[in-house]
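Chains, contacts and geometry: an overview
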Amino acid sequence: MSVGGTKILDVSGLSVDLVMSGGGRRPILHNVDLSVSHNEVLGIIGESGSGKTVLSRALVNWISPPLVAKGGKISYHGRNLFDLPPDEMQTLRGRKIAYIGSDPGSALDPTVPIGQQIIEKLRAVEPGISTSEARARVLRVLDAVRIPSPAQRFHEFPFQFSGGMMQRVLIVDALVTNPDLLVADNITQPLDVTVAAQILRLLRDLQRDFNTAIIFVSSALGVLNDIADNILVLADGRVVERQQTRSLIDKPEHNYTRNLIASLPRIWEAEPVTTAPAEVVDDSREVILSVRDVYRSYETKDRERLFAHKVVQAVRGVSFDVYKGDNLGIVGESGCGKSTLSRLLSRLEAPNRGQILFKGQDIAHLGSRKLLDLRRRFQLLLQDPYNAIPPHLSIGRTIAEPLRIHGGLSTKEIAEKVASTMNEVGLRTELTDKLPVGLSAGQRQRVNIARAMVLDPELLILDETLSALDQVEQGKLLDLFERLQNRHGITYVYISHDLSMVRRVCNRVAVMYLGRVAELAGNEATFFDPAHPYTRALLSAVPAIEHKPYDTTTYLLEGEPPDPIDIPPGCSFRTRCPFAFDRCATDDPMLMKRSGEDFAACHLVSAGHSAPMTMPAVNLRGP
Amino acid sequence: MLFAIDFFTRRLAQGAIIVVAIALLIFTLLRVVPGDPVRLMLGPMVSATVAEETAKELGLRDPIIVQFGRYIGQVLQGDFGRSFVRSAQGGSTGGSRGESTFDASNRAPVIDLIATTLPYSLLLAGLAFLISLAVALPLGIWAGLNAGKWPDRLALYLSSILVSLPNVWLGLVFIFLISAKAGWLPAIGYQNWTYAILPALVLAVELIPVIVRSVSVSVSSNLLEPYVSVGQIRGLTRRRMIIAHVLRNSSIPLLNLLGIQAVGLVLGALFVVEYLFNYPGIGLLMINAVFQRDFPIIQAIAIFSCAALVVVNILVDFASTTIDRRLQY
């Protein structure tokens, strides 16, 4: 636990209270001690509600009502921040102690170009600096955080940046004054895994170049494992443990830490617990859903050209089959087209081109009467359990709604069906006449599931259905899905960004990149022997405390997915692919069979393995 | 630049369609209301046959759509027709003189009537906007920065009082107290710009509460945007965040309000207030034209008002999208 170097920040006995409207007080932070030395990266881990955001703001002396500091001191180079006059604190805060928050999208004024805003800050904390000098410095740091074409992006507005690029902009904003302490509050939390991994790598490099001490606050131990030297565990506003990163993970001392580590989902050290059949598909099984070369695009106004529109290509030629009883996982990062695909699969939208066959019928071109009949058989479950349930209807009524729409049952039969379905999904029947107000997120999601199950569907499309729930509730619902599958033989399509959940429950996985399926393979093959470089990059970027078979330094290049408006020719992943060669720039690879049931859209597969076989549109199993 | 061309071409084309549609609507409505304009032109003493002849001569017996087509054709050449009632020398003639024929060339061109009255109305409306902004902006910003505290409530109560004062009554009270009793300001007619102050005050009283409400709401909601508190953690002062960012972004709802509501409100109130103060603006011209069923004037003013609203809105939208590039029009 000994830390070399001079102490930059030394916090002792810090307590912060929340003053409630009645005048009562609730402690948020209790007697927190911590210190950071020159060049150290200190990780702070805590669950939501542990007080970590309050702590990270308190470290920059930003405690505003209704929060009040009750006691303790924060000494920065020996001076107590609480004793500094406000204007001195103000300049110190921007100049020597920098802070980056978890929401890059709303951190800057959306109506002013980013370069101008960083200059504004620089001139506020370093009054002597001239505009041209400030501009040059901002451009230099924009370049240092590897934002492509910084001189042009300098003039762009916050909404024109992706989340990851915006977080880089905020890193520039923080580092442009060359501070000696940076407080990073959960900065990778809203980002996709590959982007988050790039940001972590960048931060490590910058830390070395700028000699900045970093306090990195996070709710994911896997993230801290990648960046922190030491980790401090915060629970209920108290520090329960502080150790070096490796030894904390290997030998946690406090019970809380031990539970925390034990409950983390594993990918490689865990076995799938799915009831779906193993990956080898035998010919006797029925294809329940067949997606054949489906396209979908959207138009937006083009400011650069007269009366013109840009075409956003959201889904570009996706094909796959889902067999009865399968658990298919569709994974990919934001913007890869998985949400559009879920809207197409559930027939909320029709594809521009291609077919979606449900039990042999093309749902894209079905009349509304027939479509309604067919809808009994496939149901969609969404992520947000709050907005999906009408707040003014009783729970029983909400669950009965689909039966009323589809008709054919008496009131008594409906009531019986509703009761048995509620029973099945684990909702107490006393809730039938209650309004959904006051239900927990998990209970609400059960109402959603019951509403879908009441029709006895054969296929459930789960679009990030479990993402809003905590670990425990997620586990319970996965068990429920498993039971339903055992009893009714339901087929699931899990659309998710959560790789550890997909590893646990899916027997087949489709990895999407920029509107295409990059790889379609069985669970084992996807996680242990993926053929597509993107799958490997994705796996290398997953924050984890276990040993990862793929390493970010080899598999994860800089850069973000190309703009879906302007997709370069050739393979769409080649701009980020460490193995790209000449052919990738000209030929767009189709999904090709690797072995058995595994396919990948990569030229390396055809080059490495025996004879390349282009995937037939109708039957994925090939001849 | 390209965006500006794209924007204005599209919006002006849309605006032209709106103006023509409104013109047709007004044209039709004016012709289905009871009251024959020929009677008004020629007076009650003229025989039915003469009246019928004059009406035919003026094209008043053609189908409405034919009349409208003819009218639009003239408007496109800048000719809004001639008043039925007013003579070219000024003053209203009407049927009282008992003329047996209608001499169109003796009547005042509508465009001239509008050209002489419009500057007075612009002066009045401009003064009203100036007064109301001078009062409402500081009050609204002050209320917005102190949302939920006493300045906010004060602004709310003040606005509630102002919004519930009827403009007719208020105008009469102003004339009586400030002009007749105290003699501080002139009130009736027009001799110099001071004659515009009292009617402008009446208009401002109507505008102030609307502006105060809009400004205070948008300032207080902008103040709650995360970037404001983040800005202070980044090292900028609260004062700087308010001046450079909050106020700037709060101007978008205000611009929209001024474009849509305020211009409409002033157009409506102008008729009442100018009539009340006998102020020789376009509103008075309109009111008299309505009383006299002077169709060409009513039509022309309606089309001008509609066109003004359309143009102001296009400008407002352009200004908004320039301030906040996320807005797409």
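Going along each chain's sequence as written, the residues are numbered from 1 onward. Each chain takes a letter, starting from A, and each ligand takes a number, starting from 1, following the order in which they are written. Only residues with pLDDT of at least 70 are given local features in this predicted model, and only at 80 or more are side-chain atom pairs given and counted; all residues enter the totals for whole chains, interfaces and linings.

Residue and element names in this part refer to chain B. In this entry, domain limits derive from an automatic or database-based domain assignment. On domain assignment, one finds that chain B holds domain 1 (2–106) and domain 2 (113–323). Whether two residues are in contact is decided by their C-beta atoms, placed from the backbone, lying within 7 Å. On the side of domain 2, 18 residues touch domain 1, which itself brings 23 residues to the contact. Secondary structure is summarised from DSSP: a helix means a run of H or I of at least four residues, a strand means a run of E of at least two, and numbering begins at the N terminus for each. Every element with two or more residues in the side of domain 1 that touches domain 2 is listed here: α1 (2–32), α2 (37–42) and β1 (82–87). Here the side of domain 1 that touches domain 2 takes eleven residues from α1, the largest share from any one element.

Residues and elements named next belong to chain A. Overall, antiparallel pairing links the four strands, which are arranged β2-β1-β4-β5 in an open sheet. On the outer flanks of this sheet lie β2 (25–37) and β5 (79–80), each paired with one strand and no other. Judged from the nine bridges that link them, strand β1 (residues 7–19) and β2 form a sheet pairing that is antiparallel. Paired with D17 across the two strands is P27, which belongs to β2. Only the stretch in contact is used when a helix axis is fitted, and all axes are lines through C-alpha atoms; the angle between N-to-C directions ranges over 0 to 180 degrees. Against the sheet, helix α1 (residues 52–59) contacts β1, β2 and β4 (67–76), and its axis sits at roughly 55° relative to β2. Pairing between two strands requires that DSSP report at least two bridges joining them.

What follows concerns the nonpolar core. The term nonpolar core refers to a set of buried Ala, Val, Leu, Ile, Met, Phe, Trp, Tyr and Cys residues connected through C-beta atoms within 7 Å. We call a residue exposed when 12 or fewer other C-beta atoms sit within 10 Å of its C-beta, buried when the count reaches 20 or more, and partly exposed for counts in between; the C-beta positions come from the backbone. Membership of the largest hydrophobic core comes to 170 residues, with the highest contact counts inside it found for A:V172, A:I215, A:F216, A:V493 and A:Y494. The contacts of A:Y494, once residues within four sequence positions are left out, are A:N327, A:L328, A:G329, A:I330, A:L462, A:V502, A:V505 and A:C506. B:V205, B:V212, B:V215 and B:V266 belong to the second largest nonpolar core, which has 68 residues in total.

For helix α4 (residues 64–76) of chain B, with 13 residues, the first-to-last C-alpha span of 18 Å sits near the 18 Å given by 1.5 Å per residue. Downstream of α4(B) by one or two residues, B:G78 has phi in the positive range, about 85°. In this scheme, a helix's expected span is set at 1.5 Å multiplied by one less than its residue total.

Right, let's talk about the sheet that holds strand β14 (residues 353–358) of chain A for a bit. Residue and element names in this part refer to chain A. Pairing in this open sheet of four strands is antiparallel, and the strands run β12-β11-β14-β15 from one edge to the other. In the strand order of this sheet, the two ends are held by β12 (309–323) and β15 (361–362), each with one partner. Note: β14 against β15, two bridges, orientation antiparallel. Opposite F358, over in β15, you have Q361 as the bridge partner. Against the sheet, helix α11 (residues 338–345) touches β11 (287–301), β12 and β14, its axis set at about 65° to β12.

Moving on to the packing of helix α5 (residues 110–145) of chain B against helix α10 (residues 238–276) of chain B. Residue and element names in this part refer to chain B. Packing of α5 against α10 leaves a shortest axis separation of 12 Å and a crossing angle of 140°. Considered as vectors, α5 and α10 are oriented oblique to each other. Handedness of the α5/α10 crossing: right-handed. Residues S121, A125, A128 and I141 of α5 form the contact with α10, whose participating residues are L247, V266 and L270. Comment on the angle field: the value is read as roughly parallel under 35 degrees, roughly antiparallel over 145, roughly perpendicular from 65 to 115, and oblique elsewhere. Whether a crossing is left-handed or right-handed is set by the direction in which the near helix is turned from the far one by less than a right angle, anticlockwise for left-handed and clockwise for right-handed.

This next bit is on the interface of chain A and chain B. With 29 residues of chain A in contact, the opposing surface of chain B contributes 21 residues. The set of elements that each furnish at least two residues to the side of chain A that touches chain B consists of α2 (86–95) and α3 (114–125) of chain A. It is α2(A) that contributes the most residues to the side of chain A that touches chain B, five residues altogether. Under the convention adopted here, Pro, Cys and the residues Ala, Val, Leu, Ile, Met, Phe, Trp and Tyr are nonpolar, Asp, Glu, Lys and Arg are charged, and Gly plus all remaining residues are polar. Grouping the constituent residues of the side of chain A that touches chain B by class yields twelve nonpolar, six polar and eleven charged.

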